Amino acid sequence: MKKIIVRISIILGLIIALKAWYSMASLASLQWFLYPMIPVIELFTNTPFEWIPEVGFSASSGIIIEKSCAGGNFFIICFAFLCFRLCKFQRVPHTLLRLVFLGICSYLIMIVANTTRIISAIKLADWEWTNALIDPKTAHLVLGSILYIFILLLLNHFISSKYVTIQTT
């Protein structure tokens, strides 16, 4: 029982530290976090973006990708989910390697999810009939929420089915 409490405490401490860092991070310090999405977004939307330090990645069409679009909260949620599901506390070096690996996996998942969300929101805003039904900002938020939940459910399904296969063989 004591090991479980220590494990949960370490993961929660790490998650709280990540959230505190992300909350206080400046836009400039998040440029590296945002950048991997930009070439893919440019490719699929045919919209060039440029980095403006006070604004974020900006397009001439008025689209801005900034801190609230970075996907940091989804990254933290995904990291927490993967840690609670997959992190086994063994010796310190193994545990640290596993945490780093899960962090990298969470970052890659966040890039795919967030890039998909931004591209979908841009494409959705281009359709005039959707603007008549719902404003683009609300559509962007709803689309992001649905997409993030779907990806986490898909991830859970993949992990659960893999875990069952490992346990039954």
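Keep in mind the model is a prediction, meaning the values are calculated, not measured.

### Structural notes on the packing of aromatic side chains
Following the criterion strictly, the structure yields 9 aromatic pairs and no others. Taken together, a centroid distance of 5.3 Å and an interplanar angle of 45 degrees make the contact between F33 and Y107 tilted. Taken together, the residues span a long stretch of sequence, with F33 in helix α2 (residues 31–34) and Y107 in helix α5 (residues 92–126) at a distance of 74 residues. Summarising the burial analysis for this pair, F33 and Y107 share the class buried. Ring centres of Y35 and F57 lie 6.3 Å apart, and the angle between their planes is 45 degrees; on these two criteria the pair is classed as tilted. Of the two residues, Y35 sits in the loop between α2 and α3 (38–45) while F57 sits in strand β2 (residues 56–59), which places them 22 residues apart along the sequence. The structure contains a cluster of three or more aromatic residues connected by ring pairs, namely Y22, W32, F33, F75, F79 and Y107.

### Describing the side chain of T115
Take T115: it is sitting in helix α5. Judged by relative accessible area, T115 falls into the buried class, the value being 6%. Separated by 2.6 Å, the side chain of T115 and the backbone oxygen of I111 make a polar contact. Beyond its immediate sequence surroundings of up to four residues, T115 is in contact with M37, V40, I41 and M110.

### Examining empty space enclosed by the protein
Counting across every chain of the model gives 1 cavity of 30 Å³ or more. Of the volumes computed, that of the largest cavity is approximately 30 Å³. Taken together, L18, W21, Y22, F33, G72, F75 and I76 make up the full set of residues lining the largest cavity. Breaking the lining of the largest cavity down by element, the ones donating at least two residues are α1 (2–24) and α4 (72–86). Residue composition of the lining of the largest cavity, by class: 6 nonpolar, 1 polar and no charged.

Each value, and the rule that gives it
Residues numbered from 1 in each chain as written. Predicted model: local features only at pLDDT ≥ 70, side-chain atom pairs only at ≥ 80, totals over all residues. Heavy atoms only, no water. Phe/Tyr/Trp six-rings, centres within 6.5 Å; stacked < 30°, edge-to-face > 60°. Helix = DSSP H or I, 4+ residues; strand = E, 2+ residues; numbered from the N terminus. Buried < 20%, exposed > 50% of the residue type's maximum accessible area, 1.4 Å probe, protein only. Polar contact = N/O pair within 3.5 Å; in protein donor to acceptor, adjacent residues only side chain to side chain. Contact = heavy atoms within 4.5 Å. 1 Å grid on protein atoms, 1.4 Å probe; cavity = no way out; pocket = protein on both sides within 12 Å on 5 of 7 lines; lining within 4 Å. Points joined across faces, edges and corners; volume = space filled by probe spheres on them. Nonpolar A, V, L, I, M, F, W, Y, C, P; charged D, E, K, R; others polar.

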